[in-house]
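Here's the letter readout for the chains.
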Amino acid sequence: MVTLSLDEGLRLYRTMARIRAFENAAEEASRGGVSAFGAALSASVRVRGPLHLSTGQEAVAAGVCAQLTTADLITSTHRGHGHTIAKGASVERMMGELFGKVSGCNGGKGGSMHIADFSVGMLGANGVVAAGIPIAVGAAHALKLRQRNALVACFFGDGAINRGPFLEGLNWAAVHALPVLFVCEDNRWSATTATGAMTAGDGALARAAGIGVPGERVDGNDVFAVHAAAAELVAQVRAGQGPRLLHAITYRVKGHVSVDPATYRDGEEVDRALQDDPIPAAAARLRAAGVAAEALAQIALEAEREVAAALAAASAAAWPDRAASYSDIQDTGSDRWLV
Amino acid sequence: MIRQTMQEAIVAGIAEEMRRDADVFIMGLDIGRFGGPLNSCKGLWEEFGATGRVIDTPISEGAIVGAGVGAALAGKRPIVDIMFLEYLPLVIQQLGCDGGAMHYYSAGKARVPLVVRAKYGVGPYHGHPYDFHAWLMQTPGVKIAVPATARDAKGLMKAAIRDDSPVLFMEHMALYHGLRDAIPEEDYVVPLGVAEVKRAGRDVTVIASAAMVRRALAAAQALAKEGIEIEVVDLRSIVPLDEATILDSVRKTGRALVVQETVCFGGSTAEVAALIAERSFRDLKAPVRRLGTAYVPVPFARSLEKAAVPDDAAIVAAARDLVSQ
């Protein structure tokens, strides 16, 4: 926090509080929304289908996106709510999207796993692990060709480094010295499998180094450390030095999806992780720097209110018109399949 | 008019669009100084290489097409040359699932103006013959262009580059360096989704694309000597499919033969046959007939290849049989 003003610190805290409030509300709204892991469907469910929650990982999204401008772009993952909020998307419109309402940022067509807001440079979540990596690289190539002074932050998980697009994308970005900040948001779980046991070698940073992409490892639950490390790497990328990789180690405190109780993992591991919650940790640091407890409580309260309003708006919003099901598709030359 | 091969016409079309629109650029394997396999990009490096608009890529098909999607989302109009259609399975996720769906999932806000070029086809190069275009028929949002002549190839390429949707552009290797075609010197496009009647006839409609159009035209000449006149409909695009031209022709002839250089099962011949059955059943004097490659991997030996791929004689026999019914 040496180089951080109190205002910046509070802004990071606010972003994390808003993500947490959103994820908690979304989790609650999705109860009964999917029949899996022994859970039953409920007739009164508001958010249908599984949600991949980023609860406990807020510091990565908040710390990285605070270093970006509106001209910068991001790509995200299936666990993309936090990145989308941190990049500046409207919480109300995001909640509408999760509900599948016409008020959603994608008109209810994308849902949680395809959430996107191009107006704030958020190029989309993606249901396929590592699929955002080549998209980020291509977007960065376009920025370079268009001589735009902007970069792409590419979020992916620890599971993604075991897929080909990680190698292909980093290689490409390095060869062309593209403006990409790769962010490995390492929550240590690949769906229901511990990533460590599935991954040879020393992980994302070591693999990136092999391709000539330097980077840093950081405590992904320390928002100030993420912010500082991202500042340094973003500065190098903006200076035209080529891509960089930030390996942020965090923990997935929820199951793979909202209904997954994650009974396949050690309870003590989860308990330890819960002790390392990034939000109380940031609060303690801010308190030590002289911020009043009431000010932090006020931020949390405002976040809760914002999300409550978003929930109410999403509940009240209309379902998309049936005709919207057939719009926004590139013309197929026939209406045969659209009726 | 100038006379060019399909390869020359396609490259000329790309070069014209690159001169017309600074956002158009091309990337792919071996397309730089080498000029692309089978000269697929001959001359582009010399004209545009210095400005970074012809980009040699690593052998990373998924990344190349994914990057094409990303570059399109970020305001460029990329052309990606993946060399061979045999590699389409490597990029289905990026081209079909991402590129095809972005416009829809963004509720119309995002556009993906991307052209993916791929060579294919049984012919003189004896390698990479696979025509996997049917795989992309299952991912709504992607268009498929399949020219049979050099003139159409240039016009379709220019239309594909100007289109705001992802387009798979298929380049048949047996047609690539073959006959020269008269090409207009002025700017023109062949719109996507518009078939063309390449030969008029009253007895049987043969619906074909690419190399099978040439075979159908050869069959038509042979049949004309017997007094059988076949009408040859060149699809030119698989998606969008020009249903009106197909149905108009079938209503006139009452007989339909659908020919493709792919397996029939689950492919575009099935789609065209179903269209005719659904929309024009009462116009038919005989059941719809299909001709495609045998339901086997494309074999290597000449004798096996010949047995697996429909030839002029097969088209003649099928058309004759239809007329006899």
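Sequence order as written defines the numbering, with residues in each chain counted from 1. In the order they appear in the text, chains get letters beginning with A and ligands get numbers beginning with 1. Totals for whole chains, interfaces and linings use all residues, but because this is a predicted model, local features are given only for residues with pLDDT of at least 70 and pairs of side-chain atoms are given and counted only at 80 or more.

Observations concerning the overall build of chain B
At step 1: The secondary structure content of chain B amounts to 13 helices and 14 strands.
At step 2: We compute the radius of gyration over the C-alpha atoms and compare it with the globule rule, which gives 2.2 Å times the number of residues raised to the power 0.38. At 19 Å, chain B has a C-alpha radius of gyration in line with the 20 Å of a compact globule built from 325 residues. Only DSSP runs of H or I reaching four residues or more are called helices, and only runs of E reaching two or more are called strands; each is numbered from the N terminus.

Some details on the sheet that holds strand β9 (residues 196-199) of chain B
Residues and elements named next belong to chain B.
At step 1: In this scheme, strands are said to pair when DSSP sees at least two bridges between them. The sheet built from 5 strands is open, its strands ordered β9-β11-β10-β13-β14 with mixed pairing. In this open sheet, the two strands that pair with only one neighbour each are β9 and β14 (289-293). Within this sheet the neighbouring strands show an average axis-to-axis angle of 25°, counted without direction.
At step 2: As judged from the 5 bridges shared by strand β10 (residues 204-208) and strand β11 (residues 230-234), these two strands associate in the parallel manner. Counted as the bridge partner of Ile207 is Val233 from β11.
At step 3: Here, residue contact means that the backbone-derived C-beta atoms of the two residues sit within 7 Å. Structural elements are reduced to axes, namely lines fitted to C-alpha atoms, with helices fitted over the stretch in contact, and the angle between N-to-C directions of any two is expressed from 0 to 180 degrees. Across the sheet, helix α11 (residues 268-280) lies against β10, β13 (256-263) and β14, angled at about 160° from β13, the strand it touches most.

Some words on helix α3 (residues 61-73) of chain B
At step 1: To estimate the expected span of a helix, count its residues, drop one, and scale the result by 1.5 Å. Given a rise of 1.5 Å per residue, 13 residues ought to cover 18 Å, and the 18 Å separating the end C-alpha atoms of α3(B) matches this to within 8%.
At step 2: Two residues or fewer past α3(B), Gly75(B) is found with a positive phi of approximately 105°.

Things to note about the nonpolar core
At step 1: Counting 203 residues, the largest nonpolar core has Ala139(A), Val180(A), Val206(B) and Ala319(B) as its most contacted members.
At step 2: For this core, the leading source of residues is helix α1 (residues 6-29) of chain A, giving 10 residues.
At step 3: Not counting the four nearest positions on each side in its chain, Val180(A) is found in contact with Ala136(A), Val137(A), Ala140(A), Leu151(A), Val152(A), Cys154(A), Ala173(A), Val237(A) and Pro243(A). Joined through C-beta atoms within 7 Å, a set of buried Ala, Val, Leu, Ile, Met, Phe, Trp, Tyr and Cys residues constitutes a nonpolar core. Whether a residue is buried, exposed or partly exposed follows from its count of other C-beta atoms within 10 Å of its own C-beta, namely 20 or more, 12 or fewer, or something in between, respectively; the C-beta atoms are built from the backbone.

Focus on the domain arrangement of chain B
Residues and elements named next belong to chain B.
At step 1: In terms of domain boundaries, chain B breaks down into domain 1 (2-183) and domain 2 (196-324).
At step 2: Here domain 1 and domain 2 have C-alpha centroids that lie 26 Å from each other.
At step 3: On the side of domain 2, 21 residues touch domain 1, which itself brings 21 residues to the contact.
At step 4: Among the elements that line the side of domain 1 that touches domain 2, the one with the most residues is strand β6 (residues 143-145), at 3 residues.
At step 5: Any residue that is not Ala, Val, Leu, Ile, Met, Phe, Trp, Tyr, Cys, Pro, Asp, Glu, Lys or Arg is counted as polar, Gly included; the first ten are nonpolar and the last four charged. Of the residues contributing to the side of domain 1 that touches domain 2, the split by class is 15 nonpolar, 3 polar and 3 charged. What counts as a domain boundary in this text is fixed by an automatic or database domain assignment.

Examining unusual backbone geometry
The general pattern is negative phi for most residues beyond glycine and trans for most peptide bonds.
At step 1: Cis geometry is found at the peptide bond from Val239(B) to Pro240(B), where omega equals -5°.
At step 2: Mapped onto the fold, Pro240(B) is located in the loop between β12 (237-239) and α10 (243-253).
At step 3: Phi angles above zero are rare outside glycine, and Ala262(A) is one such case at about 55°.
At step 4: According to the C-beta neighbour criterion, Ala262(A) is partly exposed, with 18 such atoms within 10 Å.
At step 5: A positive phi angle is found at Asp30(B), which is not glycine, with a value near 65°.
At step 6: Relative to the elements of secondary structure, Asp30(B) occurs in the loop between β2 (24-28) and α2 (44-48).
At step 7: Judged by C-beta crowding, with 16 C-beta atoms within 10 Å, Asp30(B) ranks as partly exposed.

Observations regarding the interface of chain A and chain B
Interface size is commonly expressed as the accessible surface area that is lost when the partners come together.
At step 1: Listed as interface residues are 38 residues of chain A and, on the opposing side, 38 residues of chain B.
At step 2: The set of elements that each furnish at least two residues to the side of chain A that touches chain B consists of α5 (132-145) and α6 (164-175) of chain A.
At step 3: At 10 residues, the largest contribution of residues to the side of chain A that touches chain B is made by α5(A).
At step 4: Tallied by class, the residues present in the side of chain A that touches chain B amount to 18 nonpolar, 15 polar and 5 charged.

So, the sheet that holds strand β3 (residues 180-186) of chain A
All names here are of chain A.
At step 1: Strands sit in the order β1-β2-β3-β7-β6 across an open sheet of 5 strands; the sheet is parallel. Across the chains shown, the open sheet's two edge strands, defined by having one partner strand only, are β1 (73-75) and β6 (215-219). Averaged over all pairs of adjacent strands, the angle between strand axes in this sheet comes to 20°, irrespective of strand direction.
At step 2: The pairing of strand β2 (residues 152-157) with β3 spans 6 bridges and is classified as parallel. Bridge pairing links Val152 to Val180 in β3.
At step 3: Across the face of the sheet, α5 comes into contact with β1, β2 and β3 while running at roughly 170° to β2.

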